[in-house]
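# Report on the structure
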Amino acid sequence: MKGFTRNLSTALAIITLLIALLIIGSWGFPATVTDIGRPVKFNTGLCLLLSAITLYLLNREENSRIGQMISGILPLIVLLLALLTLAQYIFRVDLGIDQLLIREKNPSPTTLYPGRMAALTSCIFILLSIAFLLLRKKKFLLLVQIILIIGLVILSLIFLVYITRTHNDQFSLFIPASLHTSFSLLILYIGAFFCLPLHYLRFSFQKRVAAFFLFTLLLLLIVFLGFRQNARRFNDTARWVEHTNTAILQSLRVKSLAQDIETSARGFIISGREDSLEGYKKAIPAIYQAVRDLKASTRDNPLQQARIDSLNELVHRNIELRQQLVEIRKTGGFEAAQRFFETGISKQKMEELLVMISAIEQEETLLLVKRRTDNAASIDGSNRVIVLFQVLTGLLLLGAFFIIYKNTRFRNRAEKEIRDLNENLEQKVVEKTSELLKNELHFRNILDNLLEGAQIIGFDWKYKYVNDTFLQHSKYRREELLGYSVMEKYPGIEQASIFPVYEKCFNERVAIHLENEFIFPDGTMGWFELSFQPVPEGIFILSVDITPRKRSEILLKELNETLEKRAVELQSSNTELERFAYVASHDLQEPLRMVSSFLHLLEKKMEGKLDDSAKQYIGFAVDGAERMKNLIQDLLRYSRVGTSKESITDVDCNEILESVRSVLSLTIRETGATLLVKNLPVIKAIPAQILQLFQNLVGNAIKYHGEAPSLIEVDCTEKEKSWEFSVKDNGIGIDPRFFDKIFIIFQRLHNKTDYAGTGIGLSICKKIVERHGGNIWVESSPGNGSRFYFTIPKTSV
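So, here's what we can say about the structure.

Analysis parameters
Think of each chain on its own: its residues are numbered from 1, step by step along the sequence as written. In keeping with the model being predicted, local features are shown solely for residues with a pLDDT of at least 70 and side-chain atom pairs are shown and tallied solely at 80 or more, while totals for entire chains, interfaces and linings include all residues. Note: side-chain values were computed over all heavy atoms of the structure, leaving out hydrogens and water. By convention, a stacked pair of Phe, Tyr or Trp rings (six-membered ring in the case of Trp) has centres within 6.5 Å and planes under 30 degrees apart, an edge-to-face pair has planes over 60 apart, and any other such pair is tilted. Only DSSP runs of H or I with at least four residues qualify as helices, and only runs of E with at least two residues qualify as strands; both kinds are numbered from the N terminus onward. Think of it in three bands: residues with accessible area under 20% of the maximum for their type are buried, residues over 50% are exposed, and the middle band is partly exposed, with areas taken using a 1.4 Å probe on protein chains only. We call a charge positioned above a ring when the Lys NZ or Arg CZ atom is no farther than 6 Å from the ring centre and deviates by at most 35 degrees from the ring normal. Strand pairing is defined by DSSP finding a minimum of two bridges between the two strands. For helices, the fitted line uses only the C-alpha atoms of the stretch in contact; every axis is such a line through C-alpha atoms, and the angle between N-to-C directions lies from 0 to 180 degrees. Residues forming no salt bridge and having over 30% relative accessible area are the ones grouped into patches, like charges within 9 Å of each other and nonpolar side chains (Val, Leu, Ile, Met, Phe, Trp, Tyr) within 5 Å. Exposure was quantified through the Shrake-Rupley algorithm and a 1.4 Å probe, taking into account, for residues, occlusion by the shown protein chains and nothing else. In the sections that follow, a salt bridge refers to a side-chain nitrogen of Lys or Arg positioned within 4 Å of a carboxyl oxygen of Asp or Glu. The directions from the helix axis to the C-beta atoms form the arc being described. For this analysis, residues touch if any pair of their heavy atoms sits within 4.5 Å. The labels follow the angle: roughly parallel below 35 degrees, roughly antiparallel above 145, roughly perpendicular from 65 to 115, and oblique for the rest. By definition, turning the near helix anticlockwise from the far helix through less than a right angle yields a left-handed crossing, and turning it clockwise yields a right-handed one. Space inside and on the surface of the protein is sampled on a 1 Å grid over the protein atoms alone, with a cavity defined as a set of points where a 1.4 Å probe fits but cannot get out and a pocket as an open set with protein on both sides within 12 Å along at least 5 of 7 lines; lining residues have an atom within 4 Å of a point. Grid points are joined across faces, edges and corners, and a volume is the space filled by probe spheres set on the points. Note on residue classes: Ala, Val, Leu, Ile, Met, Phe, Trp, Tyr, Cys and Pro are nonpolar, Asp, Glu, Lys and Arg are charged, and everything else, Gly too, is polar. In this description, a disulfide is simply a cysteine sulfur pair whose atoms lie within 2.5 Å. What a helix is expected to span follows from its residue count: subtract one and scale by 1.5 Å. At every residue, the bend is computed as the angle between two fitted axes, covering the seven residues ending there and the seven beginning there respectively.

## Considering the packing of aromatic side chains
Using the criterion set out here, one finds twelve aromatic pairs in the structure. Seen in terms of ring centroids, Trp461 and Tyr502 are 5.8 Å apart; in terms of plane orientation they differ by 35°. Their pairing is tilted. Highlighted residues: Trp461 in the loop between strand E1 (453-458) and strand E2 (463-466) and Tyr502 in helix H16 (residues 499-508), separated in sequence by 41 residues. Overall, the relative accessible area of 16% leaves Trp461 in the buried class. Geometry around Trp723 places Lys794 over its ring, the cationic atom sitting 5.3 Å from the centre.

Below, the structure written as structure tokens:
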């Protein structure tokens, strides 16, 4: 074998030498038959050439001193080149060695480092060059064998990647520059393993058997990993295909609902029958839900998300147009609706909606085609792995047959031992059975008296054993469980989070410990600490009821989180508002007072000397200062709502409204307004803030009056836990689009020349109501007046 292995190693060195020459030739002679080497970098080809020469020289029995020196220098050059290349990757520097001899022309745009060999290729060359340097030193030969085995394992994984095309993040480390490099390195490592310095290796029969099985396990592991990765890719792509199909179906549902809305609205316009709007009313919430579902199913695609936002706006606009058309039909008749319809705007918006849905469907269709292609690629990779597995299985079977054949000389001894064992087997079985029965009775007695719940579930998912404590936990009798499956007693458990734990313990035979919240068939809930253990019958589960403890923990956690949040919010709010109140009351108002005073003094001093324009400018300046002063005072009132030191007391709302009537009496007389106050309750609140709340709402009702004199009605309705107040007027009304805007600070719906004010009144109202733990909202429409509602809890917050 010595001559055969050495010749094999020499032949592999020559093959690698020829491949290296082809690679180097492809860089020196473009457009030739040597273009097969083009994917390999020049430095990689150079390292292959030097390594092949080194291996060839190591296999020569009679090496001259020059030959020995060359076989020592060449691996040093390879080691230095590979180490420098790896250092460039690690420290992100360019040492200029990548294109030192040959410069790569027109590199691919995706090439990050032109001319540089792959990082993994550098590591493999480092291992190989170290092995070559240590081969002539016998005390390092064991280390050399380990290095060569590591290199062979890595290169086997690389070939698996190429065979299965598993270009996955988990395998990206094993992808070198090209298949040419992988093949060349593999035959180099095999040649090194059989080279002359390692000819002394002799393996006993036991070592050969162990090596065979280790090699078998390694190959099967490699195949398994490849198949697993392809299966995972197949599952992922299949899930994405299903996900894309769902998105397409949801887009079709949006289109269908949009057409239903249009059809129902058109039917009502033609017939005027209210029952024609039933489908219209049902389709409106359904289409909004369908758009939300579509957005949720495409959340991984930013482009689709933007389109769906536009689609949602188009849906909203279409529904508004249909509602407007329906209202016109109700109030103006068929002719008015027809005139509106003939403007074409509803048809235009519907066409825009359909175009947007078509764009979404087209994008999802393209994704579907791509994901189906990926799915097919995963299937092809799995098929290649299966073929590889079949080939390896055949080879391994041949190897196993050879080992069995070589081992026949031990057969007689084994048969004799078996006959001797059979003579005493029956007696031993009886003794063992008796012992097992005794142990089983002892075991059952222990389980029956456990304080923890105990259950054994067979591989058929049926209960084999339960103790009394578990019966208390499960709320079943023993005869209702034994012989029945888990699915029969707990329908829907397959969708529960605990179900994969059962499967893992069944399939992987591992112990699992966890806490789980359980919902019983009668709707009650409980927490259990569970310990899963694999047993020969199936799985054994111990359960401890920890429901009281978990409820206490959850309640305590929620209370702590609430208290911490409230404390932080309160501290931050108080600090900011106190600082603002100081600035507003002192630093901001004083300069305005000075500006206004000096302008008045200037006007008096220049009396008779100023023309009308100058007086008007001074008036503008004084007016601006006054408005700024009012704005600061309103801000000060707003800030003091949350920082008020006043305590909550009983407040008679009837007395509060009398105070409001007194404060606004001049405005009421000037505008001819009427304030009607029904019997109001006594509430728990801060008096000054409730006065300001009603004063702002009534003042707004008077300010925004229509052509008729203002009629303001203040009423209250008692609810279960709160008082619901309302302030109704017959003023100009509010467009529903601005309901949320009016409660935002400084948000005005009218020009300050039309209606005075700073735009902060309703913000103060909202803050006062929320400070008392209530809510405030408005119902209104343009020209029909407004009705403001707010609630005050019966118990103080």
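So that's the structure; there's more coming.
## Examining the sheet that holds strand E10 (residues 722-728)
Spatial ordering of the open sheet is given by E7-E9-E10-E12-E11, a layout of five strands whose pairing is mixed. Two strands close off the open sheet at either side, each with one partner strand: strand E7 (674-677) and strand E11 (776-780). Taking the axes of each pair of neighbouring strands and ignoring which way they run, one obtains an average angle of 15° across the sheet. As paired elements, E7 and strand E9 (residues 711-718) share four bridges and run parallel to each other. Bridge pairing in E9 places Thr674 opposite Leu711.

## Some thoughts on a nonpolar patch on the surface
On the surface, a nonpolar cluster with roughly 440 Å² of combined accessible area is contributed by Ile66, Met69, Ile70, Ile73 and Ile77. Tracing the backbone shows Met69 in helix H3 (residues 65-91). On the basis of relative accessibility, which here comes to 48%, the residue Met69 falls in the partly exposed class.

## Description of H16
Since the α-helix packs 3.6 residues into each turn, any two residues three or four apart lie on the same face. Those residues of H16 that fall on the buried side of the exposure criterion are Phe499, Val501, Tyr502, Cys505 and Phe506. Within H16, the buried residues cover an arc of 165° as seen down the axis, which keeps them to one side. The inward-facing, buried residues of H16 abut E1, helix H15 (486-489), strand E3 (512-519), strand E4 (525-535) and strand E5 (538-545).

## Details of the pairing of E2
The pairing of E1 with E2 spans three bridges and is antiparallel. Among the inter-strand pairings, Ile456 is bridged to a residue of E2, identified as Tyr465. Between E1 and E2, which pair antiparallel and follow one another directly, the connecting turn spans four residues, one of which, Trp461, has a positive phi of 70°.

## Quick word on the pattern of salt bridges
Side chains that differ in charge, positive against negative, can pair when their charged atoms come close. Across all of its chains, the model carries eleven salt bridges by this definition. Ionic pairing is found between Arg116 and Asp98, a salt bridge with its closest N-O pair at 2.8 Å. Here Arg116 is found in the loop between H3 and helix H4 (119-134), whereas its partner Asp98 is found in the loop between H3 and H4, with 18 residues between them in sequence. On the accessibility criterion, Asp98 (7% relative accessible area) is buried. A salt bridge links Lys678 to Asp715, with the nearest nitrogen and oxygen atoms 3.7 Å apart. Placement of the pair is Lys678 in the loop between E7 and strand E8 (682-685) and Asp715 in strand E9, with a sequence separation of 37 residues. Exposure remark for Lys678: the relative accessible area of 46% places this residue in the partly exposed category. Linked through salt bridges whose partners overlap, the residues forming this network are Arg477, Glu479 and Glu480.

## Concerning the side chain of Ser543
Among the secondary structure elements, Ser543 is positioned in strand E5. The buried category is assigned to Ser543, whose relative accessible area is 3%. Non-local contacts of Ser543, meaning those with residues more than four positions away in its chain, are made with Glu452, Gly453, Phe470, His473, Glu529 and Leu530.

## What to know about the sheet that holds E5
Read across the sheet, five strands follow the order E2-E1-E5-E4-E3 without closing on themselves; strand pairing throughout is antiparallel. Across the chains shown, the open sheet's two edge strands, defined by having one partner strand only, are E2 and E3. Going from strand to strand, the sheet's axes swing by 25° on average, the running direction of each strand aside. Bridge count between E1 and E5: six bridges; the pairing is antiparallel. Note that in E5 the partner of Ile456 across the bridge is Phe540.

## A word on the packing of H3 against H4
Contact geometry of H3 with H4 gives a least axis separation of 8 Å together with a crossing angle of 150°. In terms of orientation, H3 lies roughly antiparallel with respect to H4. Note on packing geometry: the crossing formed by H3 with H4 is left-handed. Across the interface between the two elements, Gly72, Pro75, Leu76, Val78, Leu79, Ala82, Leu83, Thr85, Leu86 and Tyr89 of H3 pack against Ala119, Ser122, Cys123, Phe125, Ile126, Ser129, Ile130, Phe132 and Leu133 of H4.

## Observations concerning empty space enclosed by the protein
Over the atoms a probe the size of a water molecule is rolled, and this reveals where empty space is left. Enumeration according to the criterion identifies three cavities of 30 Å³ or more in this entry. The volume enclosed by the largest cavity comes to roughly 210 Å³. Lining the largest cavity are 17 residues, and of these Gln455, Phe470, Tyr502, Phe518 and Leu530 sit closest to its centre. Looking at the lining of the largest cavity, the elements that each hand over two or more residues are helix H13 (468-474), E3, E4 and E5. It is H13 that provides the largest number of residues to the lining of the largest cavity, a total of three residues. Looking at the lining of the largest cavity, its residues break down into twelve nonpolar, five polar and no charged. Taken together, Ala258, Ile261, Glu262, Ile287, Val315, Asn318, Ile319, Arg322, Met350 and Leu353 form the lining of the second largest cavity.

## Side note on unusual backbone geometry
Unlike most non-glycine residues, Trp461 shows phi in positive territory, near 70°. In this structure, Arg509 is a non-glycine residue whose phi angle is positive, near 55°. Checked against the element boundaries, Arg509 lands in the loop between H16 and E3.

## A few points about the state of the cysteines
For the coordinates displayed, the defined rule picks out zero disulfides. Between Cys653, a free cysteine, and Cys716, which holds the nearest cysteine sulfur, the sulfur-to-sulfur gap is 7.0 Å. Judged by relative accessible area, which is 0%, Cys653 ranks as buried.

## Concerning helix H8 (residues 278-297)
Compared with the 28 Å implied by 1.5 Å per residue over 20 residues, the 29 Å span of H8 between its first and last C-alpha is a close match. Roughly 25° is the biggest bend found in H8, and it falls at Ile284, with proline Pro285 one to four residues downstream. Regarding H8, the residues found buried are Tyr280, Ala283, Ile284, Ala286, Ile287, Ala290, Val291, Leu294 and Ser297.

## So, the pairing of E10
By the criterion of burial, E10 is predominantly enclosed, with six of the seven residues buried. As defined by bridge partners, E9 adjoins E10 across six bridges and the pair is classed as antiparallel. Looking at the pairing, Glu713 lines up with Lys728 of E10. The hairpin formed by E9 and E10 contains three residues between the paired strands. As defined by bridge partners, E10 adjoins strand E12 (residues 786-793) across seven bridges and the pair is classed as antiparallel. By the bridge assignment for E12, Phe725 is matched with Phe790.

## Quick word on the environment of Leu198
Locating Leu198 in the fold gives a position in the loop between helix H6 (179-193) and helix H7 (205-271). Residue Leu198 is classed as buried on the basis of its relative accessible area of 4%. Through-space distance from the C-alpha of Leu198 to that of Lys138 is 9.2 Å; in sequence the pair is 60 residues apart. Apart from residues lying up to four places away in sequence, Leu198 is in contact with Leu135, Leu141, Leu148, Ala192 and Phe193.

Honestly, that's just the spatial picture; any functional story needs more than this.
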